[in-house]
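Working through the structure, step by step
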Amino acid sequence: MKQFLDKTPYKSIAAYEGEESISAIDRILQDHEFKVWFRRTTGHHFPTFLRKLLVRILRFGDDPLKVIDKLLVVPFFSGILRRSSTSCTLQGLENTPTQGSAFFITNHRDIVLDAALLAILLLKQKRERIYFGVGNNLYGRPWIEDMMRMAGCFSVIRNGGPREVGTNARLLSDYIACLQREGRSIWMAQREGRAKDGNDTTQPAVLKMLTLAAGDGELIDIVKALNITPVAITYTYDPCDYLKAQEMQLKRDNPEYRKTTKDDMRNMQTGLRGQKGDIRFNITPSINADLDTLAAEWATLDKPLTRNEQLAAIAHIIDRHIHQGYILPWTNLAAKTILEGGSDQRFEEYIRQRIELIHIDNRDDTFLRQALITMYANPAINHFANKH
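Below, the structure is looked at part by part. (Residues numbered from 1 in each chain as written. Predicted model: local features only at pLDDT ≥ 70, side-chain atom pairs only at ≥ 80, totals over all residues. Heavy atoms only, no water.)

**Details of the overall build of the protein chain**
Helix and strand content of the protein chain: 16 helices and seven strands. For 388 residues, the compact-globule formula gives about 21 Å, and the C-alpha radius of gyration of the protein chain, at 21 Å, lands near that figure. For the C-alpha atoms alone, the extent of the protein chain along its principal axes is close to 65 × 60 × 40 Å. Across the 388 residues that make up the protein chain, the buried fraction comes to 53%. Contacts in the protein chain between residues far apart in sequence, at least 24 positions, make up 78% of those at least 6 positions apart. Here the protein chain displays about 18200 Å² of accessible surface, and carbon together with sulfur accounts for 50% of that area. Within the protein chain, the 47 negative side-chain charges are centred at a point lying 6 Å from the centre of the 52 positive side-chain charges. (Helix = DSSP H or I, 4+ residues; strand = E, 2+ residues; numbered from the N terminus. Rg over C-alpha atoms; globule rule 2.2 N^0.38 Å. Buried < 20%, exposed > 50% of the residue type's maximum accessible area, 1.4 Å probe, protein only. Contact = heavy atoms within 4.5 Å. Areas by Shrake-Rupley, 256 points an atom, 1.4 Å probe, with all protein chains shown as cover. Lys, Arg positive; Asp, Glu negative; His and termini not counted. Charge placed at Lys NZ, Arg CZ, Asp CG, Glu CD.)

Structure below.
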């Protein structure tokens, strides 16, 4: 079995490797809720014969993560795509390194699919698999945590007090550094949680966490070592658009509103099963050349920028890469047209149908319509604002 660097210090958050994956498979297959969820999501019963095959290959074969990808992850998501999308394509492969690792940062549309589909598209191009950072608040059930960590996810701890947040951030940063020393590529979303309004921006706090393992030093050099490679994602239709709009009204009406674990499960299942139309991934160049330009600009300043100001400037570079990289579907363009005073009857009908899926007290159709149009328009607005 393939040997890895010692990740014992990171066991509480690390992706499963080797024998951990075998134990996880056994726990998952004994979970009745998983079997029900799998059948409802895929339309099929989980093929239990895979357990013996997986265990046999995991113990005597190749890299266990590659085995899981080939026999479980790729077939699972490929089946979902066949039923819920018209196409799923990848552009910009030339922007990925042929040697060494890349740190992929994407906009965040879907809880599960953003990372999973990028990984599958890269695997189909004979590239190395990637590891994913996933908020532990999304696990909800033990079998979900097992399944996701078995598939290469590592945990981003969201809960805890100020001291625990700092400790968890340093642990995560150290683990990511460990993965990169192995030459592993990594995916994280540009922000905590999906952009409900479609306005994709990078949280400087994400970058701050990533730099913790490097300690003191020039921030530009630390970030360059990560080799951040932004990826722009667009869907013709966001299956969770009406759920996001619903949540926006619920939060408007009650600022204390919080989603439940059941809500997260519904979002995950809707995102997987719902119709998405064309899905486009566009890998943009690494930001390292931009960082060199930024360093030259900073060198001419009379007063040096603070660390937080530098992080904000780097976050803006990532945003610009993603906004420029969107391959816009007709829905984004139609929404922008309507927001600017034009009309598009096809999109208006789509919005009307989505609002009818929302069943809450005091449903505010005017608010929901505006929320949905804005959600789809913002990527187009940002794209054209950053086109040059």
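Following the structure, the description resumes.
**Section: the packing of aromatic side chains**
Under the defined criterion, the tally for this structure stands at nine aromatic pairs. Taken together, Tyr237, Trp330, Phe347, Tyr350 and Tyr376 form an aromatic cluster joined through their ring pairs. The side chain of arginine 252 reaches across the aromatic face of phenylalanine 367, ending 4.6 Å from its centre. Looking at arginine 346, its charged tip hangs above the ring of tryptophan 330, at a distance of 3.8 Å from the centre. (Phe/Tyr/Trp six-rings, centres within 6.5 Å; stacked < 30°, edge-to-face > 60°. Lys NZ or Arg CZ within 6 Å of the ring centre and 35° of its normal.)

**Some words on helix H10 (residues 241-253)**
An ideal rise of 1.5 Å per residue puts 18 Å on 13 residues; H10 measures up with 19 Å between its terminal C-alpha atoms. Those residues of H10 lying buried are Asp241, Tyr242, Leu243, Lys244, Ala245, Gln246, Glu247 and Gln249. Buried positions along H10 lie against helix H11 (261-273), helix H15 (345-355) and helix H16 (365-385). (Expected span 1.5 Å × (residues − 1).)

**Topic: empty space enclosed by the protein**
Taken as a whole and assessed by the stated rule, the structure comprises two cavities of 30 Å³ or more. Counted as a void, the largest cavity has a volume near 130 Å³. Put simply, the parts of the chain that give the lining of the largest cavity at least two residues each are strand S6 (228-235) and H16. Its residues assigned to classes, the lining of the largest cavity comprises seven nonpolar, three polar and three charged. (1 Å grid on protein atoms, 1.4 Å probe; cavity = no way out; pocket = protein on both sides within 12 Å on 5 of 7 lines; lining within 4 Å. Points joined across faces, edges and corners; volume = space filled by probe spheres on them. Nonpolar A, V, L, I, M, F, W, Y, C, P; charged D, E, K, R; others polar.)

**A word on the side chain of arginine 354**
In this fold, arginine 354 is placed in helix H15. A relative accessible area of 15% means that arginine 354 is categorised as buried. If we skip the residues at most four places from it in the chain, arginine 354 touches Asp238, Pro239, Asp241, Tyr242 and Leu372.

**Some points on the packing of H15 against H16**
Look at H15 against H16: their axes get within 10 Å of each other, and the N-to-C directions meet at 125°. Relative to H16, H15 is oriented oblique. Crossing angle aside, the handedness with which H15 passes H16 is right-handed. Contacts between H15 and H16 pair Phe347, Glu348, Tyr350, Ile351, Arg354 and Ile355 from the former with Asp365, Leu368, Arg369, Leu372, Ile373 and Tyr376 from the latter. (Axes fitted to C-alpha atoms, helices over the stretch in contact; angles between N-to-C directions. Parallel < 35°, antiparallel > 145°, perpendicular 65-115°, else oblique. Left-handed = near helix turned anticlockwise from the far one by under 90°.)

**Section: the sheet that holds strand S2 (residues 103-106)**
An order of S1-S7-S6-S2-S5-S3-S4 is seen for the seven strands of this open sheet, with the pairing classed as mixed. Strand pairing shows two members of the sheet lacking a second neighbour, strand S1 (87-91) and strand S4 (153-156), which therefore form its edges. The average undirected angle you get between the axes of adjacent strands in this sheet is 25°. Bridge count for S1 against strand S7 (residues 278-283) is five bridges, and the pairing is parallel. Among the inter-strand pairings, glutamine 91 is bridged to a residue of S7, identified as asparagine 282. (Pairing = 2+ DSSP bridges.)

**Quick look at helix H7 (residues 162-181)**
A rise of 1.5 Å per residue sets the reference length of H7, with its 20 residues, at 28 Å; its end C-alpha atoms lie 29 Å apart and thus fit the reference within 8%. For H7, the set of buried residues is Ala169, Leu172, Ser173, Tyr175, Ile176, Cys178, Leu179 and Gln180. Buried residues belonging to H7 abut S2, strand S3 (130-135), S4, strand S5 (185-189), helix H8 (204-211) and helix H9 (219-226). Immediately downstream of H7, the backbone of glycine 183 shows phi near 80°, a positive value.

**Remarks on unusual backbone geometry**
A positive phi angle is found at asparagine 227, which is not glycine, with a value near 60°. Mapped onto the elements of the fold, asparagine 227 is located in the loop between H9 and S6. Despite not being glycine, asparagine 362 has its phi angle at roughly 55°, a positive value. Tracing the sequence through the fold places asparagine 362 in the loop between H15 and H16. Taking relative accessible area as the criterion, asparagine 362 reaches 69% and is therefore assigned exposed.

**Side note on the side chain of lysine 336**
Assignment of secondary structure puts lysine 336 in helix H14 (residues 330-339). On the basis of relative accessibility, which here comes to 17%, the residue lysine 336 falls in the buried class. Sequence-distant contacts of lysine 336, defined by excluding residues within four places in its chain, comprise Ala377, Ala380, Ile381 and Phe384.

**Re the packing of H9 against helix H13 (residues 307-325)**
Packing of H9 against H13 brings their axes to within 11 Å, and their N-to-C directions diverge by 35°. Seen along the crossing, H9 lies across H13 with a hand that is right-handed. Each of Leu219, Ile222 and Val223 in H9 lies in contact with H13, whose residues at this interface are Arg307, Gln310, Leu311 and Ile314. When its residues are assigned to classes, the contact of H9 with H13 shows five nonpolar, one polar and one charged.

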